[in-house]
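What follows is each chain in one-letter form.
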Amino acid sequence: QVQLVESGGGSVQSGGSLKLSCAASGSTFGISTMGWHRQAPGKQRDLVARISRLGDANYADSVKGRFTISRDNANDTVYLQMNSLNPDDTAVYYCYARIWGRDNDYWGQGTQVTVSS
């Protein structure tokens with residue numbers, strides 16, 4: 001079993017920055033892709049960024065050039081550096097981890113990010 005705990009969310013003004021962290025614990029062996037989704041009020045949960053174990057990253061078009069995903073495999077932690085934030089980035093951000101050979105991903109509890117203008 002894997003537990004994911006996000007941290008680093010908060011409130012920031014437009015143009016500001018935040019860095020989210022997600023630490024995995026438990027049976028972390030076998031983790032392949034890790035990443036972040038977000039869900040704004042009244043909208044579906046969408047992929048923000050993901051990163052393979054070897055560091056191959058993908059981003060949603062809306063965050064390309066502004067967000068950077070990284071990971072520390074030794075510490076089973078994934079990060080999301082968010083720059084040039086705007087109100088459209090306001091959402092609950094959820095960390096996830098995919099396990100080789102397992103059908104269902106693990107999810108964190110979510111952390112709120114609020115960007116004001």
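Calculation criteria
- Residues numbered from 1 in each chain as written.
- Predicted model: local features only at pLDDT ≥ 70, side-chain atom pairs only at ≥ 80, totals over all residues.
- Heavy atoms only, no water.
- Helix = DSSP H or I, 4+ residues; strand = E, 2+ residues; numbered from the N terminus.
- Buried < 20%, exposed > 50% of the residue type's maximum accessible area, 1.4 Å probe, protein only.
- Salt bridge = Lys/Arg side-chain N within 4 Å of Asp/Glu carboxyl O.
- Pairing = 2+ DSSP bridges.
- Axes fitted to C-alpha atoms, helices over the stretch in contact; angles between N-to-C directions.
- Disulfide = S-S within 2.5 Å.
- Contact = heavy atoms within 4.5 Å.

J.: In this structure, what is going on with the overall build of the chain? I would like to understand it.
T.: When helices and strands are tallied, the chain shows zero helices and 11 strands. In the chain, the succession of helices and strands from N to C terminus is β-β-β-β-β-β-β-β-β-β-β. C-alpha atoms of the chain, sized along the principal axes, occupy 45 × 25 × 20 Å. With 117 residues in all, the chain has 42% of them scored as buried.

J.: For this particular structure, what's the right way to read the pattern of salt bridges?
T.: It is possible for side chains bearing opposite charge to pair when their charged atoms get close. Across all of its chains, the model carries four salt bridges by this definition. A salt bridge links Arg38 to Asp89, with the shortest nitrogen-to-oxygen separation between them at 2.9 Å. Of this pair, Arg38 sits in strand S4 (residues 31-39) while Asp89 sits in the loop between strand S8 (77-82) and strand S9 (91-99), and the two are 51 residues apart along the sequence. What makes Arg38 buried here is its relative accessible area of 13%. Overall, the relative accessible area of 1% leaves Asp89 in the buried class. We note a salt bridge from Arg98 to Asp105, for which the minimum N-O separation is 2.8 Å.

J.: Just checking my understanding: could you explain the sheet that holds strand S1 (residues 2-7) for this structure?
T.: Strand pairing in a sheet relies on backbone hydrogen bonds. The paired strands run either parallel or antiparallel. What the four strands build is an open sheet, ordered S1-S3-S8-S7; its pairing is antiparallel. Taken across any chain shown, the strands that pair with only one partner, and hence form the sheet edges, are S1 and strand S7 (67-72). Across the sheet, the mean angle from the axis of one strand to that of its neighbour is 15°, orientation sign disregarded.

J.: Help me out: how do you make sense of unusual backbone geometry in this one?
T.: The backbone of Asp76 sits at a positive phi, close to 50°, despite the residue not being glycine. Position of Asp76 relative to the elements: it lies in the loop between S7 and S8. Although it is not a glycine, Ser84 adopts a positive phi angle of roughly 50°. With respect to the helices and strands, the residue Ser84 is situated in the loop between S8 and S9.

J.: It is not clear to me how the state of the cysteines should be interpreted in this structure. Could you clarify?
T.: By definition, a disulfide links the sulfur atoms of two cysteine residues through a covalent bond. For the structure shown, the criterion picks out one disulfide. One disulfide bridge connects Cys22 with Cys95, the sulfur atoms lying 2.0 Å from each other. Every disulfide takes its handedness from the sign of the S-S torsion; for Cys22 and Cys95 that torsion is -80°, giving left-handed. Of the two residues, Cys22 is situated in strand S3 (residues 18-26) and Cys95 in strand S9; the sequence distance between them amounts to 73 residues. The class for Cys95 is buried, based on a relative accessible area of 0%.

J.: It is not clear to me how the environment of Thr68 should be interpreted in this structure. Could you clarify?
T.: Tracing the sequence through the fold places Thr68 in strand S7. The exposure class assigned to Thr68 is partly exposed, which follows from its relative accessible area of 43%. Residues Thr68 and Ala57, 11 residues apart in the sequence, show an inter-C-alpha distance of 8.7 Å. For Thr68, the contacting residues outside a window of four places in its chain are Tyr59, Tyr79, Leu80 and Gln81.

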